[in-house]
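The chain contents come next:
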Amino acid sequence: MAEDPEKNSIIIRGAKVNNLKNIHLSIPRNQLIVITGLSGSGKSSLAFDTIYAEGQRRYVESLSAYARQFLGRIHKPEVDFIDGIPPAIAIEQKVNTRNPRSTVGTSTEIYDYLKLLYARIGVTYSPISGEIVKKDSVTDVVNYILSFDEGKAILILAPLKNENGRQMHQFLELLLNQGTSRIEINGKVERLDDVLKRSKEIKATHKINVVIDRVHVSHDEDSLGRYADSVQTAFNEGHGDCIICMADDTSIRHSFSNRFERDGMLFEEPNEHMFSFNSPYGACTRCEGYGKIIGIDEELVIPDKALSVYGEAVACWKGESMSYYKDQFIQQSAHFNFPIHKPYSELTDEQRDLLWNGNKQVDGINAFFAYLEEKKYKIQNRVMIARYSGKTTCPDCKGSRLRKDAGYVKVAGKSVQELVLLPVNELYPFFKEIHLNEYQKSVAQRILIEITNRLEFLVNVGLSYLALNRLSSTLSGGESQRINLATSLGSSLVGSLYVLDEPSIGLHSRDTELLISVLQKLQSLGNSVLVVEHDEEIMRAADQLIDIGPLAGRLGGEVVFQGKHQDLEKSEESLTAQYLTGKEKIAVPRTRRKWNNYIEVAGARENNLKRIDVRFPLNVLCVVTGVSGSGKSTLVRNILYASVARHFNGYNEKAGAFDTLRGDIKQIKAVEMVDQNPIGKSSRSNPVTYCKAYDEIRKLYSEQPLSVQNNLKPAHFSFNVEGGRCEECQGEGEITVEMQFMADVKLVCESCHGKRFKDEILEVRYRGKNINDILDLTVDEAIEFFGEKKNSTEKKIVSKIQPLQDVGLGYIKLGQSSSTLSGGESQRVKLASFLTLEKADQPTLFIFDEPTTGLHFHDIRKLLDAFHSLIEHGHSILVIEHNMEIIKCADWIIDLGPEGGKQGGYVVFEGTPEEIVNCEASYTGKYLKEKI
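Some details on the pattern of salt bridges
Scanning all chains against the criterion turns up 41 salt bridges. Residues Arg-253 and Glu-184 are paired through a salt bridge, measuring 2.5 Å at the closest nitrogen-oxygen approach. Pair noted here: Arg-253 is in strand 13 (residues 253–257) and Glu-184 is in strand 9 (residues 182–185), with a separation of 69 residues, a long-range link. Overall, the relative accessible area of 1% leaves Glu-184 in the buried class.

Here we look at the packing of helix 29 (residues 823–834) against helix 30 (residues 857–872)
Where helix 29 contacts helix 30, the axes come no closer than 11 Å and their chain directions differ by 35°. The way helix 29 lies across helix 30 gives a crossing that is left-handed. Note on element contacts: helix 30 touches helix 29 through Leu-863, Ala-866, Phe-867 and Leu-870, opposite Arg-828, Leu-831 and Phe-834. When the residues that make up the contact of helix 29 with helix 30 are grouped by side-chain class, the tally is 6 nonpolar, no polar and 1 charged.

With respect to the side chain of Lys-830
Relative to the elements of secondary structure, Lys-830 occurs in helix 29. Look at Lys-830 and you get buried, because its relative accessible area is 8%.

Observations concerning the packing of aromatic side chains
In this structure the tally under the stated criterion is 25 aromatic pairs. Taking 6.0 Å as the distance between ring centres and 45° as the angle between the ring planes, the aromatic pair formed by Trp-317 and Phe-329 counts as tilted. One end of the pair, Trp-317, is in the loop between helix 9 (298–301) and helix 10 (323–332); the other, Phe-329, is in helix 10, with 12 residues separating them in the sequence. You'll find Trp-317 and Phe-329 in the same group, each marked buried. Ring geometry for Phe-329 versus Phe-336: centroids 6.1 Å apart, planes at 70°, classification edge-to-face. Exposure class is identical for Phe-329 and Phe-336. Each is buried. In textbook terms, an aromatic cluster arises when at least three aromatic residues are bridged by ring pairs, as seen for Trp-317, Tyr-324, Tyr-325, Phe-329, Phe-336, Phe-338, Phe-368, Phe-369 and Tyr-388. Across from the ring centre of Tyr-923, 4.7 Å away, lies the NZ or CZ of Arg-510, which sits over that ring. Here the guanidinium or amino end of Arg-756 rests over the ring plane of Phe-719, the centre of that ring lying 4.4 Å away.

Criteria and cut-off values
- Residues numbered from 1 in each chain as written.
- Predicted model: local features only at pLDDT ≥ 70, side-chain atom pairs only at ≥ 80, totals over all residues.
- Heavy atoms only, no water.
- Salt bridge = Lys/Arg side-chain N within 4 Å of Asp/Glu carboxyl O.
- Helix = DSSP H or I, 4+ residues; strand = E, 2+ residues; numbered from the N terminus.
- Buried < 20%, exposed > 50% of the residue type's maximum accessible area, 1.4 Å probe, protein only.
- Axes fitted to C-alpha atoms, helices over the stretch in contact; angles between N-to-C directions.
- Left-handed = near helix turned anticlockwise from the far one by under 90°.
- Contact = heavy atoms within 4.5 Å.
- Nonpolar A, V, L, I, M, F, W, Y, C, P; charged D, E, K, R; others polar.
- Phe/Tyr/Trp six-rings, centres within 6.5 Å; stacked < 30°, edge-to-face > 60°.
- Lys NZ or Arg CZ within 6 Å of the ring centre and 35° of its normal.

Okay, here's the thing in structure tokens:
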């Protein structure tokens, strides 16, 4: 009898969460399942809001009574029946932490194992002589004694000091009373009785050693016990020091110490807290383990590195009063041949050091600020210091965050500070080929397995360019997700359900194969892997594909297809199938836009950039691409955007290291970074407030007869201010309950039942709908609702929310909390706000960071239409992207690489898509060939 396949499946009956239309599914466990479909079709509703939410709810059900008391109030997914669901783990795109102490090393647990490794087998080296620091044990001394010939007479001595400053006669008498019979003075052994008789001749400068024992070398057991006892006594009497010398030739001697010292320095013995920058014991005292301090920022002091000292490169030396310092430096420069007319970017390290630190003849920039510190009682000096202060690398620990002596401890010749600065692709081979002695191998074997496994996972998920000290808060959403994926692999869980949200984000096509192997490894361990994804390669690698659709919002929420990838083309309803089979496609533009105007960044050298010069064309669609870690974000976000923003806004933005910004910057009037950060910092922010349509809606409701009668103003229809909002939840619609040792639980407000307003506000209706009903409408429904009448207020509302529909967000609700929007959705809401054409007369450079995140092929077409609309209105578009559909539609491509990390940072190619396919050095060209 055949086994029932549903016995090993997740069975879902009647799922109705959000737009899901009462769907029934049977998803096989222990397989790699990909859920795909248009944006807003219901993929996340199925994967996260139904399957993961129920798995998490059942997990809480198994916990303590404290946790279970909230269970009755935890929202149960709207589904009739779910069975066969394993414990669920969600790995989302969100950057999980803004903690300035969290790094790649700590979040993957690699750093925890590194601390353990250095505490267990780390060898301490003296910074003075470079020799190993070790303390001698009794066994070491006994072995030394046994190294002499059998029968040799050996003296075991303990050095003594007259620490209490007694008279020499009293000191020697005290020794005699303690049972000492012989002492060694200046290398000569004498009876203490005889020495006492001439105690006046003994000076405090004489070296006095007590003879603890006189032995003859023998290997029998009794002798070994005697040696050990005598050596231990010597260590005790000598306060940690012991001397062994030959009785017949006291010049042959060796000193031992059971203190951890060398070259007159006393060292701390390594322990795991010494290497923890989160512990007061191990953290650098200056920066307290942050690696940064508030100091004088070079980028603010010298904003334009193309200028010379004579040309006023030093911004703080401008003006009538401050130019005195510049003039003084210029006058003295002839004495030490400083090139005052040479651009700052071309100065040597020695010349820069001289400018900052000065010399005997002239003061430098640091001395100038030290003078201002002394005169801080003057307000103008305080303002001056504040203006040029910023986060700078800690001078004590050089950004390593650890106490200085942690750097004295090394494993295989490397300190932990050196290792955390190495990219993973260099760190991984270091640990794979590490040379240790037999003792170290036996102690570190288990630790090394954990470290190498986790490093291998980081390589396999395409993050080999990251260093362990990279801050978690600086990672993109895709990088954070793959870090979490690597951490999950490291924990080796089995029998779990992993739900992933587009893990391919931020990955070049070259690295997708590695990611697929990681997902398959996670599945082969005995886990079920459920992936929401649009990437073609990952779809092809899936054991089963589930296509939700056929369209978005109300027109989605159905299972269009479930089965093997090969059978997808048989589905007539599936838009995914139409694009994969070529029936539908994103057309390659017939012509590429030509350009003359550009903005050029010269000498870019931040992070791994190799002092490159790059021209960014204006009034066209320009794409910056390259493998993960090649330097795209550093070039575009940290240098181009920051420097152009600083040009328009003053000194607010800190730019990465580069020489100069030049070109036709006057051709644009503003720069906008359209990234995937949430559209608001509060959970109360939402699309309708962001696109300014809510102002008109509140005005409309305040004009209704009941509002006029009750004297309700537009402010009463806002959930951000007191008046009409529910005060129980402060207009949030939900209350957060803090759970000990667990993620906080959000519960629907019992006062307003999630409607956010007081009852009297909800009584005001417009065409049958109250303000909460309006916020519950999708963008498509709202355009339909307000588009029926053509009064001026409704026209304004429709004109402000229409762009949301144009960029493919017709399915999102007007009042949907910004915290529930994905990174890609947040980015498109921002794009929609710029499409209102209010800035049409103000040419702007728009910079997009991976705008295809979360987009189906069909949605990418809409996105490209929005891009073309912006360009037609006189704007310029620059996109950081890996998606081949966007790259093939670009007017100009800038390809960075050739690899990630240290092997990246070069311009591999600049030109059109037709030209890049012939560039052998470009990975992008290789994968673009089949698309053109």
